[in-house]
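# Reading the structure
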Amino acid sequence: MGIAALALVALPYAAGDRPIALDRWLAYAIVAIAGWIGFAWRVVELGQFGAFQFAQPADVLTSGPGIWLAALGLIVLSRAVYEMASEPAHR
């Protein structure tokens with residue numbers, strides 16, 4: 001989903017001066033929703049494998065930085081979609 005989000009960000013620069021219908025908040029929302037579904041799926045899979053059994057409480061943060069980074073990225077993308085959806089259609 002990260003590559004799809006980057007492709008959507010770069011799309012207006014690749015298209016030039018003409019507006020693109022795909023460059024709207026709904027496209028970003030679809031990417032964010034798909035990202036959250038994939039993230040939740042992976043967390044459930046890791047939970048079934050027993051990957052969340054830690055010896056110390058600090059291991060929650062240090063043993064899985066990829067999960068924390070993915071969650072942070074999805075939070076930022078979701079907030080951006082919220083901001084895009086609340087702004088007027090024409091500037």
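Above: the structure in question.
First things first, this report covers the structure right here in the doc. (Residues numbered from 1 in each chain as written. Predicted model: local features only at pLDDT ≥ 70, side-chain atom pairs only at ≥ 80, totals over all residues. Heavy atoms only, no water.)

For the rest of this paragraph, the subject is the layout of surface pockets. In this structure, the second largest pocket occupies an estimated 150 Å³ of space. Forming the walls of the second largest pocket are Met1, Gly2, Ala5, Gly35, Gly38, Phe39, Ala70, Gly73, Leu74 and Leu77. Elements that contribute at least two residues to the lining of the second largest pocket include exactly helix H1 (2-15), helix H2 (25-49) and helix H4 (65-86). Grouping the constituent residues of the lining of the second largest pocket by class yields six nonpolar, four polar and no charged. (1 Å grid on protein atoms, 1.4 Å probe; cavity = no way out; pocket = protein on both sides within 12 Å on 5 of 7 lines; lining within 4 Å. Points joined across faces, edges and corners; volume = space filled by probe spheres on them. Helix = DSSP H or I, 4+ residues; strand = E, 2+ residues; numbered from the N terminus. Nonpolar A, V, L, I, M, F, W, Y, C, P; charged D, E, K, R; others polar.)

Turning next to the pattern of salt bridges. Tallying each qualifying case throughout the model produces two salt bridges. In this structure, the salt-bridge partner of Arg79 is Glu83, at a minimum N-O distance of 2.8 Å. In this pair, Arg79 and Glu83 both sit in helix H4, four residues apart, roughly one turn of the helix. (Salt bridge = Lys/Arg side-chain N within 4 Å of Asp/Glu carboxyl O.)

Right, let's get into a nonpolar patch on the surface. Taken together, Phe52, Phe54, Val60, Leu61 and Trp68 make up a surface patch of nonpolar side chains, about 460 Å² in accessible area. Mapping Val60 onto the fold places it in helix H3 (residues 59-62). (Patch = residues over 30% accessible without salt bridge, like charges linked within 9 Å, V, L, I, M, F, W, Y side chains within 5 Å. Areas by Shrake-Rupley, 256 points an atom, 1.4 Å probe, with all protein chains shown as cover.)

Formed by Ala5, Leu8, Ala27, Tyr28, Ala29, Val31, Ala32, Leu77 and Val81, the largest nonpolar core amounts to nine residues. Those elements that provide at least two residues to this core are H1, H2 and H4. Of the residues forming this core, the biggest block, five residues, is contributed by H2. Each residue touching Tyr28, except ones within four places of it in the same chain, is listed here: Ala5, Leu8, Val9, Asp23, Val81 and Met84. (Core = buried A, V, L, I, M, F, W, Y, C linked by side-chain atoms within 4.5 Å. Buried < 20%, exposed > 50% of the residue type's maximum accessible area, 1.4 Å probe, protein only. Contact = heavy atoms within 4.5 Å.)

In this structure, Gly38 sits in helix H2. Residue classification places Gly38 among the partly exposed positions, given a relative accessible area of 40%. Between the alpha carbons of Gly38 and Met1 there is a distance of 8.8 Å; along the sequence they are 37 residues apart.

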